[in-house]
Number of protein chains: 2
Amino acid sequence: MSRPLNRPLTLRDVSEASGVSEMTVSRVLRNRGDVSAATREKVLKAAKALGYVPNRIAGSLASQRVNLVAVIIPSMSNMVFPEVMTGINSVLEDTPLQPVVGITDYLPEKEEKVLYEMLSWRPSGIIIAGLEHSDASRAMLRASGIPVVEIMDTDGTPVDAMVGISHRRAGREMADAIIKAGYRRIGFMGTKMALDHRARKRFEGFTQALAKAGIEMADQEFYSGGSALSKGRELTSAMMARTPDLDFLYYSNDLIGAGGLLWLLEQGYDIPGQIGLAGFNGVELLQGLPRRLATMDACRAEIGRRAAEIIVARTSEPAQDIETLVTLAPTIDRGDTLRMP
Amino acid sequence: MSRPLNRPLTLRDVSEASGVSEMTVSRVLRNRGDVSAATREKVLKAAKALGYVPNRIAGSLASQRVNLVAVIIPSMSNMVFPEVMTGINSVLEDTPLQPVVGITDYLPEKEEKVLYEMLSWRPSGIIIAGLEHSDASRAMLRASGIPVVEIMDTDGTPVDAMVGISHRRAGREMADAIIKAGYRRIGFMGTKMALDHRARKRFEGFTQALAKAGIEMADQEFYSGGSALSKGRELTSAMMARTPDLDFLYYSNDLIGAGGLLWLLEQGYDIPGQIGLAGFNGVELLQGLPRRLATMDACRAEIGRRAAEIIVARTSEPAQDIETLVTLAPTIDRGDTLRMP
DNA sequence: CTGAAAGCGCTAACAT
DNA sequence: ATGTTAGCGCTTTCAG
């Protein structure tokens, strides 16, 4: 008990306590190379008794290896990214790699800053949301020399690898399904999406498909901030007052869709006969609403998994071959709010 | 362009490119010490041109300082921890400190493992959820010699600092409010809480307060897994079938409470006259339901902020004095489902 | 199977 | 205002 308090323990302490060289202690602690069972025991005992925790900073510098995967996402508070994280974790759990998360709040400047900070830790790989980045960010990604996987979206050109869905196509397909079901007076509600490129692409795909069928969007409204559920309520009530003859409402996410659904049910609308609804994301949370909202799964967990698998394959020794341009195909779930054709 | 591809740049590269010593380059890049405006410019220009990103691994080792705060929480997928993170972030944003998150899934063994990994990075501070830890974890925390803030709960003895609410008291106060409002046949629904100590303490406080008033819990049920909204629906419908004369339902969280609320409304129950409801957490998401569920704010963002402030104060030079045993006082929000006395 | 020497990329502490 | 020297705690490499 003579160690000066607050000096963290080093390999050397364990070496002295066990009477084994630092090098061999290091070998034991990393299960590397051959060490006799006897010395092994001695070392492990000493390390445990002292409460030694290796210093990864030093280890990483010496070995030029950091088992970190930088995960850069816009937000953690909506339902989508926690599930992506779950997918990533499920794959990395069985490897020495560890995810480290950075949040950008959908701001390019913040993304740039976060990326810089992350790169300064020299991670083994980067998983980053979206294909749209500042020039500086893209340059950093390219120059990093490590595997980069851009996730969520496949409508664009990745720096390196890419896993996601086509949001443009997702919008198109939902539009097609809505039209096939016979709806004609269609309204749209969604976030102000200057910086949410995926929401924007869904919207573009949606309107395109409508146009192709000779249909013009009958009404649309964008919001920002606030609780999504009540926003959905407010927007829907305002829109139905303004354009009472709408027979379908497409929402840019399930939560505002759910708010709209609750309001319409209260008002006594016949769903999906008189009016149909659809959202986007396939949020599990919403199971338990009076009706299941039509939606489209964004393949969140799968995207996380596939992205992590690419990093794992690329960082394994020797590097495994693996598909690096992955476009997943989401399917429509009609729920109870989008009638069959 | 003669640098061998994939060798990360070092200070030395910038030094050579700018004709300034490594030390001065380092000073410029860290805004430390006096450097003439002229050399400053030269260095910055060279660094930018090369795309140099400092190596923090080396920097941390040399300076014996790592501006990381380990945040160890059970989960990221419910509503509570993302908001705690928001609070933490809001404070750390203005400091050099950076949060790094570890997830325990409510498993003590996993907490131990995550804690060990985190400590191996020698963070400047630790924020960890709960007061219940394995002996090994507690030993690591104590031995780490860095500021430790245990958050969420104050019913127990912390290793070091502590910020939270008393969940036992939260349960008691809700029980008192329910009794004062005249409800007598009370049912409880919540998660199986062997490992969720805070839910358990709320439950204990609740039953205690009922007992004190001579009331016995009329029915209770525990669930695990599944979507909370539909669980709330199922449990409520089952419980009302089994014990039809219940006049109040206390839920261990707002989400299952919301499920119950939706079901009861559909069945035509008179709320809060015939039957009252309350949840816990003060989840903003739920604004927009047909009725506002009575709840109690868990002070999530505030907890995060105060915890981060403690770490900041303790790691600043010289260490600031700050309150390290913080018990927040949550208040009841009666919403539309708990009538006045 | 074990150990000794060298150095990872940076910064603290002194020079000058 | 700038440079020099000596490590930080570990792992790589090479010798026994």
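1. A closer look at the overall build of chain A
Line of reasoning, step 1. If you tally the helices and strands in chain A, you get twelve helices and twelve strands.
Line of reasoning, step 2. In chain A, which comprises 341 residues, the share counted as buried stands at 52%.
Line of reasoning, step 3. Considering only contacts within chain A whose residues lie at least 6 apart along the sequence, 67% involve residues at least 24 apart.
Line of reasoning, step 4. Accessible surface, chain A as shown: approximately 15100 Å² in total, 51% of it carbon and sulfur.
Line of reasoning, step 5. A gap of 5 Å separates the mean positions of the 40 positive and 41 negative side-chain charges of chain A.

2. Focus: the packing of aromatic side chains
Residue and element names in this part refer to chain B.
Line of reasoning, step 1. Counted by the stated rule, this structure contains 15 aromatic pairs over all chains.
Line of reasoning, step 2. With a centroid separation of 5.9 Å and 50 degrees between ring planes, the pair formed by Phe188 and Phe222 is classed as tilted. Of the two residues, Phe188 is situated in strand E6 (residues 186-191) and Phe222 in strand E7 (residues 219-223); the sequence distance between them amounts to 34 residues.
Line of reasoning, step 3. With relative accessibility at 1%, the residue Phe188 sits in the buried group.

3. Topic: the packing of helix H5 (residues 80-92) of chain A against helix H12 (residues 300-315) of chain A
Between two packed helices, what matters for the description is the angle formed by their axes and the separation of those axes.
Residues and elements named next belong to chain A.
Line of reasoning, step 1. Contact geometry of H5 with H12 gives a least axis separation of 7 Å together with a crossing angle of 40 degrees. Comparing their axes, H12 and H5 come out oblique. In the crossing of H5 with H12, the sense of the turn from one axis to the other is right-handed. Each of Val80, Glu83, Val84, Gly87, Ile88, Ser90, Val91 and Leu92 in H5 lies in contact with H12, whose residues at this interface are Arg300, Ala301, Gly304, Arg305, Ala308, Glu309 and Val312.

4. With respect to the packing of helix H1 (residues 11-18) of chain A against helix H3 (residues 37-50) of chain A
Residues and elements named next belong to chain A.
Line of reasoning, step 1. At their nearest, the axes of H1 and H3 sit 9 Å apart, and the two run at 120 degrees to each other. Taken together, the axis directions place H1 and H3 in an arrangement best described as oblique. H1 and H3 meet at a crossing whose hand is right-handed. Between H1 and H3, the contacting residues are Asp13, Val14, Ala17 and Ser18 on the first element and Lys42, Val43, Ala46, Ala47 and Leu50 on the second.

5. Remarks on the pairing of strand E8 (residues 248-251) of chain B
Residues and elements named next belong to chain B.
Line of reasoning, step 1. Covered by surrounding structure in E8 are Phe248 and Tyr250 together with Leu249 and Tyr251, the residues of both alternating faces.
Line of reasoning, step 2. Both E6 and E8 contribute to a ladder of four bridges, which runs parallel. Its bridge partner being in E8, Ile186 is matched across the sheet by Phe248.
Line of reasoning, step 3. Of the pairings in the sheet, the one linking E8 to strand E9 (residues 276-278) comprises three bridges and is parallel in character.

6. Looking at the sheet that holds strand E8 (residues 248-251) of chain A
All names here are of chain A.
Line of reasoning, step 1. With parallel pairing, four strands are arranged side by side in an open sheet as E7-E6-E8-E9. Single-partner strands in this sheet number two, and they are strand E7 (219-223) and strand E9 (276-278). With direction set aside, neighbouring strand axes in the sheet form an average angle of 15 degrees.
Line of reasoning, step 2. Sheet topology note: the strand E6 (residues 186-191)/E7 ladder contains five bridges and is parallel. Paired with Gly187 across the strands is Asp219, a residue of E7.
Line of reasoning, step 3. The strands touched by helix H9 (residues 197-212) within the sheet are E6, E7 and E8, with E6 carrying the most contacts at an inclination of about 170 degrees.

7. Looking at the interface of chain B and chain A
Line of reasoning, step 1. On the side of chain A, 42 residues touch chain B, which itself brings 42 residues to the contact.
Line of reasoning, step 2. Roughly 4000 Å² of surface becomes buried between chain B and chain A when both sides are summed, with 61% attributable to carbon and sulfur atoms.
Line of reasoning, step 3. On the chain B side of the contact with chain A, Ile57, Trp121 and Arg122 of chain B bury the most area, a combined 18% of that side's loss.
Line of reasoning, step 4. For Glu117 of chain A, the salt bridge goes to Arg56 of chain B, with nearest N and O atoms at 3.0 Å.
Line of reasoning, step 5. The interface formed by chain B and chain A contains 16 residue pairs in polar contact (both at pLDDT 80 or more).
Line of reasoning, step 6. If you list the elements that add at least two residues to the side of chain B that touches chain A, you get helix H4 (56-63), strand E2 (98-103), helix H6 (108-119), helix H10 (228-242) and helix H11 (254-266) of chain B.
Line of reasoning, step 7. Classifying every residue of the side of chain B that touches chain A gives 24 nonpolar, ten polar and eight charged.

8. Some details on the relation of the copies chain B and chain A
Line of reasoning, step 1. For these two chains of identical sequence, chain B goes onto chain A by a turn of 180 degrees and a shift of 0.0 Å along the axis, with RMSD 0.1 Å. Taken together, the turn and the small shift mark the pair as related by a two-fold rotation axis. Scanning chain B for the C-alpha nearest the rotation axis identifies Ile57 of chain B, at a separation of 2.8 Å.
Line of reasoning, step 2. Mapped onto chain A, 100% of the interface residues of chain B again fall at the interface, so both copies present the same surface.

9. Examining the environment of Thr324 of chain B
Residues and elements named next belong to chain B.
Line of reasoning, step 1. Here Thr324 lies in the loop between helix H12 (300-315) and strand E11 (325-327).
Line of reasoning, step 2. Since its relative accessible area comes to 21%, Thr324 is described here as partly exposed.
Line of reasoning, step 3. Along the primary structure Thr324 and Ala161 are separated by 163 residues, whereas in three dimensions their C-alpha atoms are 4.7 Å apart.
Line of reasoning, step 4. In this structure Thr324 touches Ala161, Met162, Ile310 and Arg314, once residues within four positions along its chain are discounted.

10. A few points about the pattern of salt bridges
Line of reasoning, step 1. Following the criterion strictly, the structure yields 42 salt bridges over all chains and no others.
Line of reasoning, step 2. One salt bridge connects Arg300 of chain B with Asp297 of chain B, and the closest N-O pair in it is separated by 4.0 Å.
Line of reasoning, step 3. The network of salt bridges with common partners includes Glu83, Asp297 and Arg300 of chain A.

11. Points about the domain arrangement of chain A
Line of reasoning, step 1. According to the domain assignment, chain A contains domain 1 (1-52), domain 2 (60-165 + 301-327) and domain 3 (167-298).
Line of reasoning, step 2. Distance between the C-alpha centres of domain 1 of chain A and domain 3 of chain A: 62 Å.

12. Concerning the protein's contact with DNA strand D
Line of reasoning, step 1. Taken together, the neighbourhood of DNA strand D is formed by 25 residues, with Leu11, Ser26 and Tyr52 of chain A together with Arg27 and Asp34 of chain B sitting nearest.
Line of reasoning, step 2. Within 4 Å of the protein, atoms of DNA strand D come from sugar and phosphate in 66% of cases.
Line of reasoning, step 3. In this structure, a phosphate oxygen belonging to DNA strand D sits 2.7 Å away from a side-chain N or O atom of Arg65 of chain A.
Line of reasoning, step 4. A distance of 3.1 Å separates a phosphate oxygen of DNA strand D from a polar side-chain atom of Asp34 of chain B.
Line of reasoning, step 5. When contributions to the surface near DNA strand D are tallied by element, the ones reaching two or more residues are helix H2 (22-30) and helix H4 (56-63) of chain A together with helix H2 (22-30) and H4 of chain B.
Line of reasoning, step 6. In terms of residue class, the surface near DNA strand D is built from ten nonpolar, ten polar and five charged.

13. A word on the protein's contact with DNA strand C
Line of reasoning, step 1. As a structural note, the neighbourhood of DNA strand C is formed by 25 residues, with Arg27 and Ser36 of chain A together with Leu11, Ser26 and Tyr52 of chain B the closest of them.
Line of reasoning, step 2. Between DNA strand C and Arg27 of chain A there is a distance of 2.4 Å, counted from a base oxygen to a side-chain nitrogen or oxygen.
Line of reasoning, step 3. Contact between DNA strand C and Ser36 of chain A: a phosphate oxygen at 2.9 Å from a main-chain N or O atom of the residue.
Line of reasoning, step 4. Listed by contribution, the elements that provide at least two residues to the surface near DNA strand C are H2 and H4 of chain A together with H2 and H4 of chain B.
Line of reasoning, step 5. Its residues placed into classes, the surface near DNA strand C shows ten nonpolar, ten polar and five charged.

14. Section: the environment of Glu216 of chain A
All names here are of chain A.
Line of reasoning, step 1. With respect to the secondary-structure elements, Glu216 resides in the loop between H9 and E7.
Line of reasoning, step 2. Among the residues examined, Glu216 registers a relative accessible area of 67% and is labelled exposed.
Line of reasoning, step 3. Considering only alpha carbons, one finds Glu216 and Arg185, 31 residues apart in sequence, at a separation of 8.3 Å.

Calculation criteria
Each chain has its residues counted from 1, following the order in which its sequence is written. A letter from A marks each chain and a number from 1 marks each ligand, given out in the order of writing. Reporting of local features is limited, given that this is a predicted model, to residues whose pLDDT is at least 70; pairs of side-chain atoms are given and counted only at 80 or more, and all residues count toward the totals for whole chains, interfaces and linings. Hydrogens and water are ignored here; the side-chain numbers use all heavy atoms of the structure. What counts as a helix is a DSSP run of H or I of at least four residues, what counts as a strand is a run of E of at least two, and both are numbered from the N terminus. Only protein chains enter the calculation, and the probe is 1.4 Å; a residue is then buried if its accessible area is under 20% of its type maximum, exposed if over 50%, and partly exposed in between. Note on definitions: a residue-residue contact is assigned when non-hydrogen atoms from the two residues lie within 4.5 Å. Each accessible area is a Shrake-Rupley result for a 1.4 Å probe, and residues are judged covered by the shown protein chains and nothing else. Think of it this way: Lys and Arg go in the positive column, Asp and Glu in the negative one, and His and the chain ends go nowhere. Charge coordinates come from a single atom per side chain, which is NZ of Lys, CZ of Arg, CG of Asp or CD of Glu. Aromatic rings from Phe, Tyr and Trp, with only the six-membered ring used for Trp, were paired whenever their centres fell within 6.5 Å, and each pair was classed as stacked if the ring planes differed by under 30 degrees, edge-to-face if by over 60, and tilted otherwise. For helices, the fitted line uses only the C-alpha atoms of the stretch in contact; every axis is such a line through C-alpha atoms, and the angle between N-to-C directions lies from 0 to 180 degrees. Oblique is the label for any angle not under 35 degrees, not over 145, and not in the 65 to 115 range, which are roughly parallel, roughly antiparallel and roughly perpendicular in turn. Crossing handedness: left-handed means the near helix sits turned counterclockwise from the far one by under a right angle, and right-handed means the same turn made clockwise. We treat two strands as partners when DSSP finds at least two bridges between them. Note on terms: buried area is the combined drop in 1.4 Å-probe accessible area of two parts once they are placed together, counting the loss on both. What makes a salt bridge here is a side-chain nitrogen of Lys or Arg within 4 Å of a carboxyl oxygen of Asp or Glu, nothing more. In the analysis that follows, any N or O atom pair within 3.5 Å is treated as a polar contact, provided that within protein one partner can donate a hydrogen and the other can accept it, and provided that, for residues neighboring in sequence, both atoms belong to side chains. Note on residue categories: nonpolar means Ala, Val, Leu, Ile, Met, Phe, Trp, Tyr, Cys or Pro, charged means Asp, Glu, Lys or Arg, and polar means any other residue, Gly included. Least-squares superposition aligns the copies on the C-alpha atoms of those residues with pLDDT at or above 70 in both. These domain limits were set by an automatic method or by a database of domain assignments. Think of it this way: one heavy atom of a residue within 4 Å of a molecule or strand is enough to make that residue near it.

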